Amino acid sequence: MPVIAIIGAGPGLGLAIARRFAKEGFQVALVSRTQDKVDALAAQLTEEGVEAAGFTADVTRPDSVQSALAAVADRFGAVDVLEYSPADPAYAGAAAVDATAEDLQKQLDYYLYGAVAAVRQVLPAMLERGSGTLLFSTGASSVRPIGGAFGSIGVASAALRNYAMALGVDLAERGVHAAHVAIGVFIGSGPGTEPETIAEHYWDAYTKRDQAEIVHTVPGGNW
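## Let's talk about the pairing of strand S1 (residues 3-7)
Each regular strand displays side chains that alternate between the two surfaces of the sheet. Taken across its 5 residues, S1 has 5 buried, putting it largely inside the fold. Because side chains alternate across S1, one face comprises the buried residues Val 3, Ala 5 and Ile 7, and the other comprises Ile 4 and Ile 6, equally buried. Where S1 meets strand S2 (residues 27-32), 5 bridges bridge the pair, whose relative direction is parallel. Residue pairing in the sheet places Val 3 in a bridge with Gln 27 of S2. Pairing geometry for S1 and strand S4 (residues 81-84), over 4 bridges, is parallel. Note on S4: the bridge partner recorded for Ala 5 is Leu 82.

## Details of the side chain of Thr 133
Following the sequence through the fold, Thr 133 ends up in strand S5 (residues 132-139). You can call Thr 133 buried: its relative accessible area is 0%. Not counting residues up to four positions away in its chain, the partners in contact with Thr 133 are Asp 80, Val 81, Leu 82, Met 126, Val 176, His 177, Tyr 206 and Arg 209.

## Things to note about the nonpolar core
If you look at the biggest cluster of nonpolar residues, it comprises 39 residues, and the most contacted ones within it are Ile 7, Leu 82, Leu 134 and Phe 136. By residue number, the principal contributor to this core is helix H4 (residues 101-129), which donates 11 residues. When sequence neighbours within four positions are dropped, the list of residues in contact with Ile 7 reads Val 31, Val 59, Val 65, Leu 69, Leu 82, Glu 83, Tyr 84, Ser 85, Pro 86 and Ala 118.

## Details of helix H1 (residues 13-22)
Of all 10 residues in H1, 9 are buried; the element is thus mostly enclosed. Within the span of H1, buried status applies to Leu 13, Gly 14, Leu 15, Ala 16, Ile 17, Ala 18, Arg 20, Phe 21 and Ala 22.

## Some remarks on the pattern of salt bridges
This structure, assessed with the given rule, holds 7 salt bridges. Across the salt bridge formed by Arg 19 and Glu 48, the nearest N and O atoms sit 2.6 Å from each other. Of this pair, Arg 19 sits in helix H1 while Glu 48 is found in the loop between helix H2 (35-47) and strand S3 (52-56), placing the two residues 29 residues apart along the sequence. Take Glu 48: its relative accessible area is 44%, and that puts it in the partly exposed class. A salt bridge links Glu 213 to Arg 161; the shortest N-O distance between them is 2.5 Å. Of the two residues, Glu 213 is situated in strand S7 (residues 213-216) and Arg 161 in helix H5 (residues 150-171); the sequence distance between them amounts to 52 residues. Owing to a relative accessible area of 18%, Glu 213 belongs among the buried residues under this scheme.

What counts and what doesn't
Residues numbered from 1 in each chain as written. Predicted model: local features only at pLDDT ≥ 70, side-chain atom pairs only at ≥ 80, totals over all residues. Heavy atoms only, no water. Buried < 20%, exposed > 50% of the residue type's maximum accessible area, 1.4 Å probe, protein only. Helix = DSSP H or I, 4+ residues; strand = E, 2+ residues; numbered from the N terminus. Pairing = 2+ DSSP bridges. Contact = heavy atoms within 4.5 Å. Core = buried A, V, L, I, M, F, W, Y, C linked by side-chain atoms within 4.5 Å. Salt bridge = Lys/Arg side-chain N within 4 Å of Asp/Glu carboxyl O.

As structure tokens, then:
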């Protein structure tokens, strides 16, 4: 059975992505900072007949991300799909006019360097077998500067977007597909913003492998 590892798994989009892939026969590894949280999500999936387990990692600590993914491989086997989408409303950003180097570094640690650590852990096995998928999620500020508290967040998430798309260029002829999903809505805020609706983009990215970037928005969204 193929394996998807979801870093930043939560009860909204992460769980919806897990269910979408599990529907197609995937085993699911849920990764988050809190063991109780991912254990609860894994228990929900297990009750639905999904092979799932939770693992802990702090994306600001690259060593913990790599350790968690090593544990995933020990439990399920090599990761076929890596999905990276950490989000924490309490992880406040700073406006560009006020942002210091420390503010930007904090966001880069969260968005970019955790992703790099995750890729470095799973990519060698993908390249060895000549197949795999790397998916990265950000909000609208990675593509269109929003300002305000999204200033420093946008700098870091734009860096993640660039990294994801550069990976796609480098890996295009090596059997591994990398794609960025830009979410230009507040998830769960109305029609077309449901986690299950957005999760379809990740399945399309995995199966179609024809886009470096997928943008999700609705009329009146944050795009």
